[in-house]
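Commentary on secondary and tertiary structure
Okay, here's what each chain looks like letter by letter:
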Amino acid sequence: MEQLKTIGRELAMGSQGGFYQSKEFLDLVKSIGEARSKAEEDRIVLGEIETLKRRVSEPDIPKRKMKEYILRLVYVEMLGHDASFGYIHAVKMTHDDSLLVKRTGYLAVTLFLNEDHDLIILIVNTIQKDLKSDNYLVVCAALNAVCKLINEETIPAVLPQVVDLLAHPKEAVRKKAIMALHRFYQKSPSSVSHLVSNFRKRLCDNDPGVMGATLCPLFELVSTDVNSYKDLVISFVSILKQVAERRLPKAYDYHQMPAPFIQIKLLKILALLGSGDKQASENMYTVVGDIFRKCDSSSNIGNAVLYECICCVSSIYPNPKLLESAADAISRFLKSDSHNLKYMGIDALGRLIKISPEIAEQHQLAVIDCLEDPDDTLKRKTFELLYKMTKSTNVEVIVDRMIDYMISINDNHYKTEIASRCVELAEQFAPSNQWFIQIMNKVFEHAGDLVNIKVAHNLMRLIAEGFGEDDDSADSQLRSSAVDSYLHILGEPKIPSVFLQLICWVLGEYGTADGKYSASYITGKLSDVAEAYSNDETVKAYAVTALMKIYAFEIAAGRKVDMLPECQSLMEQFLASHSTDLQQRAYELQAVIGLDAHAVESIMPSDASCEDIEVDKALSFLNGYIQDSIEKGAQPYIPESERSGMLNISNFRNQDHHGASSHGLKFEAYELPKQTVQSRIPPATLASTEFVPVPEPMSVRESYPTTIVPSASSDAESTELKLRLDGVQKKWGRQTHSPATSTSSSTSKKTVNGIKQVDGSNTSNSSTWETYDSRKHVEINSEKQKLAASLFGGSSKTEKKPATGHKISKPSSHMVEKSHVRKSSMEIASEKKALVHQPPDLLDFGEPTVQSSDPPSVDPFKELEGLLEPTTQLGSTAAAATNSPDIMGLFTETPGGTHNKDDSDILSSLSKQPVTNMVGGATSTQVAQSSKGPNRKDSLEKDSLVRQMGVTPSSPNPNLFKDLLG
Amino acid sequence: MIKAVMVMNTQGKTRLAKFYEYLPVEKQQELIRGVFAVLCSRAENVSNFIDAESIFGPDSRLVYKHFATLYFVFVFDSSENELAVLDLIQVFVETLDKCFQNVCELDIVFGYSKVHTILDEMIFGGQVVETSSSEIMKAIEEISKLEAASNAITLIPKSASGWRSR
């Protein structure tokens with residue numbers, strides 16, 4: 001046996017002359033393969049780098065050697081080590097006359113350099129020359145480099161040559177020139193905007209490869225500007241029709257599908273062009289319908305085209321017949337055992353429910369299966385779908401599920417996403433305030449550091465304002481339940497900062513409001529927080545302000561304030577704090593405590609965080625002062641517009657915030673430093689919401705406009721300003737909350753609407769299920785049923801009676817699919833084996849039973865071999881169909897079987913069934929036989945070589961290896 | 001658009017890495033490690049798709065296929081179709097197989113430049129230009145013929161070129 005292996009190796013080395021690299025390189029790869037740890041690997045690679053450094057600087061290296069060194073450098077860099085010392089040599093190689101060396105040089109530079117590298121300047125000239133070369137391979141290599149290495153500034157240097165190449169006689173060159181032009185377009189649309197028409201021209205190229213390549217740039221162009229390409233709809237449709245009718249050369253067939261990749265690209269483009277355009281869409285209906293019919297749903301690529309059809313149908317102007325086919329295709333995807341198809345099915349369902357929401361219901365169980373699947377990808381996709389179909393009826397179940405999942409994962413990126421989705425759904429559809437606060441608590445507890453701070457501010461506002469109804473008792477109930485839950489949560493060991501801030505604020509505002517908790521209890525809790533999280537300044541600041549509020553309310557209520565000893569020590573600590581912010585807050589607290597009840601009440605009225613602060617924009621309270629000054633001889637104020645004579649005020653404001661970057665010079669005065677508004681400034685009248693800033697460099701005046709801006713601008717307009725506002729709010733709860741009143745009240749109104757919707761949609765839903773009752777086909781456990789019902793809005797009555805017809809179809813199709821899905825590569829491998837065992841003249845024995853007669857073998861090396869001719873998969877599916885005794889099953893599978901012999905008549909196939917399948921099976925086996933050049937021996941040799949080389953370091957044999965190469 | 005193509009073995013060793021947008025070497029390594037960490041934690045019988053946004057930023061999808069000791073990984077954006085890319089991997093591997101006759105991991109290590117040539121014929125500047133395996137083979141054969149020719153003339157004496165031409 002040992003000897004046999006050796007022979008195998010010898011044979012392999014002999015026949016594999018392809019390993020033409022030197023022994024050194026082989027050794028390097030081998031030793032890296034054997035490295036036990038990353039550190040060992042690094043050591044080896046660093047050694048190699050030293051060697052290469054020495055070698056490349058030697059004089060007079062033969063080109064062949066140099067080429068190898070460069071390839072070794074590429075290898076070293078691929079392993080993550082710096083090979084920059086060799087870049088210049090790679091650049092030099094591109095100048096070489098020999099094609100091989102030149103191509104290697106180009107390969108290396110495209111991998112090494114980026115478009116802004118210093119060495120590019122040395123290459124541009126070579127590229128220019130090479131683009132004009134007679135040898136088309138040189139041109140191709142240069143075009144490759146053009147794609148990667150030419151930046152906006154160097155485009156003009158090569159653009160004329162590239163444009164010339166669009167008419168090159170070789171199709172490979174035309175194809176690449178198109179792509180290069182596309183790349184230029186991506187990098188700098190303006191530089192090639194006059195050449196865009198070339199893409200249209202190339203669409204009519206004689207070579208299908210060039211035409212197919214042109215679809216890539218056209219797809220991008222269409223997606224940026226649909227309207228200027230509407231005229232191409234007819235052309236695209238006719239191309240797609242020709243492709244589907246197999247007018248393209250056979251070489252473009254892939255797994256018996258005519259040019260599927262081109263079909264997919266075309267469908268994508270049509271989806272864009274037909275979106276919201278009835279007239280354009282009508283042109284597409286026939287061809288898309290044809291493709292639906294012709295697609296072979298037993299192969300992966302057939303399903304890819306089907307999926308693209310569904311996307312197209314859901315994007316273009318709806319057509320009932322096509323929607324029906326799409327729904328059929330989706331249900332086939334979802335029923336499949338393949339995770340890939342389920343994934344695509346879920347995705348497609350998400351697209352289709354936008355147009356016909358009712359189709360989701362018939363797939364509810366499949367969706368729930370996907371939700372419980374161990375495959376994370378599928379789960380996430382399903383959550384995406386659920387997110388899209390959330391209504392006020394099912395929001396509770398969906399959000400609960402999302403939160404459970406959010407808690408279970410570690411991936412911060414996805415956690416953030418799902419947390420923000422939970423928040424969004426909860427805000428939009430919350431059935432009750434209680435529930436909303438609970439959900440928010442959970443989100444903050446588990447993903448508090450990941451959610452946007454704005455979410456916390458929204459929640460504060462919500463708690464402060466209640467839900468917009470005039471029911472005060474409900475609001476206060478909400479608040480006290482919030483306070484209860486927060487006091488409870490404070491017992492937990494580690495709470496995210498954002499959540500703590502929220503808790504502090506709520507405790508400060510409402511901790512003592514309902515009289516359930518004493519001031520000393522709340523202040524004790526607050527000082528515990530400040531102490532426990534002593535390295536979080538923001539939390540401490542919130543805590544101090546909350547303390548101040550509690551004390552202020554106490555004083556205002558006429559009660560005597562006794563500061564707890566821990567509070568006192570905390571205050572002392574803060575009074576001497578390094579943070580000026582904390583210091584100021586502490587001093588303010590001290591000052592407030594010293595005031596009498598009346599004064600305190602006007603500074604810190606209880607539950608007034610959402611009162612409006614009235615702002616006297618004309619600053620009329622200063623009139624007396626101005627009068628005095630003018631009388632004393634001061635200059636009267638001249639408005640800005642009169643002084644400069646050109647800018648009106650709103651312009652000025654604009655420029656101040658956004659315009660600065662677009663102008664070279666800034667003529668306006670710099671923005672003043674923001675000042676906090678002293679709450680003691682007496683609020684004056686004038687309550688209009690219009691706001692005209694007064695760009696006067698006087699700090700007191702200026703501070704008003706800046707705080708007020710958000711109320712004038714829309715919510716989305718300036719988040720930056722709003723955030724700043726939130727910062728201010730910490731100190732002066734009362735004022736700054738007011739500007740946001742308008743936005744938040746609208747949110748709460750929405751919620752009210754949502755609640756109202758419940759009744760309406762409930763009734764309509766239940767009527768729809770009645771019709772779906774008959775479609776339920778499998779016995780499911782009650783828990784799942786319940787979940788389905790709550791997700792899709794129904795009670796458990798939904799899944800009572802499995803309809804008989806479907807009950808039959810289910811197991812059969814199940815079986816068929818199983819046979820085709822179950823680890824396809826393994827299956828192929830086993831089939832392969834069966835074929836290999838047969839003598840080659842048994843070609844005619846290709847009966848469908850062949851694969852089942854052999855037990856499946858699990859040889860991993862067979863798997864690679866197996867990908868030689870995956871078409872056999874088709875045959876096996878057809879075979880499985882024959883084995884299935886069920887007529888329904890046969891019927892569903894017929895398209896797959898008949899496809900092989902171009903017979904699209906489904907009805908007739910029922911009678912012809914056995915024949916068809918015979919044909920299908922036979923052809924596929926034939927194909928497998930004829931294309932099966934390499935044999936087992938070959939792969940055995942390879943196998944042994946791989947093992948020996950140490951790539952799989954199980955049994956290395958270095959000595960023998962040396963001999964072989966020596 | 002295709003963002004990156006990677007081939008790595010089951011132990012996490014990179015066998016091929018091509019990024020269609022320039023990235024510094026360290027970043028490339030980081031991404032490859034990130035991808036491998038996800039890949040090796042995936043169970044046997046799950047889908048071939050991975051949500052790659054946490055690794056590659058927004059609008060990125062990842063499709064991989066496991067062959068023997070190798071993972072073939074394609075990263076791309078929403079302008080491609082996942083199932084189609086899965087078949088693109090199939091085309092790529094089929095082509096490799098035709099080119100190296102029964103391709104194995106070792107071929108990819110040593111036939112490094114050839115693998116790149118194949119990939120360049122398929123994907124050009126991040127766009128899929130050719131999807132027909134036989135067309136790619138034709139191009140590759142022509143390239144090696146011409147390369148060998150130019151090589152024989154300029155570089156190596158006849159006797160030495162003998163062992164190099166297959």
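Residues numbered from 1 in each chain as written. Chains lettered and ligands numbered in written order. Predicted model: local features only at pLDDT ≥ 70, side-chain atom pairs only at ≥ 80, totals over all residues. Heavy atoms only, no water.

So, on to the overall build of chain B. In terms of regular secondary structure, chain B is built from seven helices and seven strands. Ordering the α and β elements of chain B from the N terminus gives β-β-α-β-α-β-β-α-α-α-β-β-α-α. By residue count, 69% of the 166 residues in chain B fall in the buried class. In chain B, 49% of the contacts between residues at least 6 apart in sequence involve partners at least 24 apart. Surface summary for chain B: the accessible area is close to 5,500 Å², and the carbon and sulfur share equals 54%. (Helix = DSSP H or I, 4+ residues; strand = E, 2+ residues; numbered from the N terminus. Buried < 20%, exposed > 50% of the residue type's maximum accessible area, 1.4 Å probe, protein only. Contact = heavy atoms within 4.5 Å. Areas by Shrake-Rupley, 256 points an atom, 1.4 Å probe, with all protein chains shown as cover.)

This paragraph deals with the confidence of the model for chain B. All names here are of chain B. For chain B, per-residue confidence averages 84 on the pLDDT scale, and 90% of positions sit at 70 or higher. Highest mean pLDDT in chain B belongs to strand β5 (residues 70–76) (93); lowest belongs to helix α7 (residues 158–161) (44). The model gives residues 154–166 a pLDDT under 50, and that stretch makes 18 contacts with residues more than four places away or in other chains. As scored by the predictor, the complex reaches a pTM of 0.65 and an ipTM of 0.87. (pLDDT = per-residue confidence, 0-100.)

A rise of 1.5 Å per residue sets the reference length of helix α16 (residues 300–315) of chain A, with its 16 residues, at 22 Å; its end C-alpha atoms lie 23 Å apart and thus fit the reference within 8%. Across the 16 residues that make up α16(A), a large majority, 14, are buried. (Expected span 1.5 Å × (residues − 1).)

Turning to the sheet that holds strand β4 (residues 61–67) of chain B, a few remarks are in order. Neighbouring strands of a sheet are bound in pairs by backbone hydrogen bonds; such pairs are parallel or else antiparallel. Residues and elements named next belong to chain B. Sheet architecture is open: five strands sit in the order β2-β1-β5-β4-β3, paired in antiparallel fashion. Every other strand in the sheet has two partners, leaving β2 (14–19) and β3 (49–51) as the edge strands with one partner each. When the angles between neighbouring strand axes are averaged without regard to direction, this sheet yields 20°. When β3 meets β4, the two strands line up antiparallel, connected through three bridges. Directly across from Asp51, in β4, lies its bridge partner Arg61. (Pairing = 2+ DSSP bridges. Axes fitted to C-alpha atoms, helices over the stretch in contact; angles between N-to-C directions.)

Here the focus is the interface of chain B and chain A. Contact with chain B, which involves 82 residues of that partner, is made by 100 residues of chain A. Summing the contributions of chain B and of chain A, the shared interface buries around 8,000 Å²; its carbon and sulfur component is 59%. Of all residues in chain B, the largest losses of buried area upon contact with chain A belong to Asn102(B), Phe110(B) and Phe124(B), amounting jointly to 10% of the total for that side. The interface formed by chain B and chain A contains seven salt bridges. The partner of Lys175(A) in a salt bridge is Glu130(B), with the nearest N and O atoms 2.6 Å apart. Our count for the chain B to chain A interface comes out at 25 residue pairs in polar contact (both at pLDDT 80 or more). (Buried area = accessible area lost by both parts, 1.4 Å probe. Salt bridge = Lys/Arg side-chain N within 4 Å of Asp/Glu carboxyl O. Polar contact = N/O pair within 3.5 Å; in protein donor to acceptor, adjacent residues only side chain to side chain.)

Below, the discussion takes up the packing of aromatic side chains. Counted by the stated rule, this structure contains 16 aromatic pairs over all chains. The interplanar angle of 70° and the centroid separation of 6.1 Å between the aromatic rings of Tyr405(A) and Tyr414(A) together place this pair among those described as edge-to-face. As far as the burial class goes, Tyr405(A) and Tyr414(A) line up, both buried. Ring pairing ties together the aromatic residues Phe25(A), Tyr75(A), Phe110(B) and Tyr112(B), which thus form one cluster. It is Lys170(A) that lies over the ring of Tyr136(A); its NZ or CZ is 4.6 Å from the centre. Lying across the ring of Phe219(A), Lys265(A) places its NZ or CZ 5.4 Å from the centre. (Phe/Tyr/Trp six-rings, centres within 6.5 Å; stacked < 30°, edge-to-face > 60°. Lys NZ or Arg CZ within 6 Å of the ring centre and 35° of its normal.)

Attention now moves to the pairing of strand β1 (residues 2–9) of chain B. The side chains of a regular strand alternate, first on one face of the sheet and then on the other. Residues and elements named next belong to chain B. Across the eight residues that make up β1, a large majority, seven, are buried. In this structure, β1 lies alongside β5, joined through seven bridges in antiparallel fashion. When the bridges of β5 are listed, Met6 appears paired with Val73. Two strands pair when backbone bridges link them, and β1 and β2 are joined in this way by five bridges, in the antiparallel orientation. Considered in β2, the bridge of Met6 is made with Ala17.

Take empty space enclosed by the protein next. Following the criterion strictly, the structure yields 14 cavities of 30 Å³ or more and no others. Quantified by volume, the largest cavity comes out at close to 250 Å³. Residue lining of the largest cavity: 21 residues in total, with Phe261(A), Ile262(A), Lys265(A), Val128(B) and Thr131(B) positioned closest to the centre. Those elements that place two or more of their residues in the lining of the largest cavity are α12 (208–224) and α14 (260–274) of chain A together with α3 (82–100) of chain B. Tallied by class, residues from the lining of the largest cavity come to twelve nonpolar, five polar and four charged. (1 Å grid on protein atoms, 1.4 Å probe; cavity = no way out; pocket = protein on both sides within 12 Å on 5 of 7 lines; lining within 4 Å. Points joined across faces, edges and corners; volume = space filled by probe spheres on them. Nonpolar A, V, L, I, M, F, W, Y, C, P; charged D, E, K, R; others polar.)

Before going further, it helps to examine a nonpolar patch on the surface. Nonpolar side chains collect at one region of the surface, where Ile88(A), Ile121(A) and Leu122(A) lie side by side and expose about 270 Å² of accessible area between them. Within the secondary structure, Ile88(A) is located in helix α5 (residues 87–94). (Patch = residues over 30% accessible without salt bridge, like charges linked within 9 Å, V, L, I, M, F, W, Y side chains within 5 Å.)

Looking now at the nonpolar core. Counting residues in hydrophobic clusters, the biggest one holds 297 residues, and the most contacted among them are Tyr486(A) and Phe92(B). Apart from the residues within four sequence positions on either side, Tyr486(A) is in contact with Ile437(A), Asn441(A), Leu459(A), Ile463(A), Phe499(A), Leu502(A), Ile503(A) and Val506(A). Formed by five residues, the second largest nonpolar core is a distinct cluster that contains Leu365(A), Ile368(A), Val397(A) and Ala788(A). (Core = buried A, V, L, I, M, F, W, Y, C linked by side-chain atoms within 4.5 Å.)

As a further point, take the packing of helix α3 (residues 38–56) of chain A against helix α4 (residues 63–78) of chain A. Two quantities define a packed helix pair, namely the angle between the axes and the distance from one axis to the other. Residues and elements named next belong to chain A. Close contact between α3 and α4 brings their axes to 11 Å; oriented N to C, the two are set at 150°. Between α3 and α4, the angle is such that the two are roughly antiparallel. The crossing of α3 and α4 is left-handed. Counting all contacts with α3, which are made through Val45, Glu48, Ile49, Leu52, Arg55 and Val56, the residues of α4 involved are Met66, Tyr69, Arg72, Leu73 and Val76. Residue composition of the contact of α3 with α4, by class: eight nonpolar, no polar and three charged. (Parallel < 35°, antiparallel > 145°, perpendicular 65-115°, else oblique. Left-handed = near helix turned anticlockwise from the far one by under 90°.)

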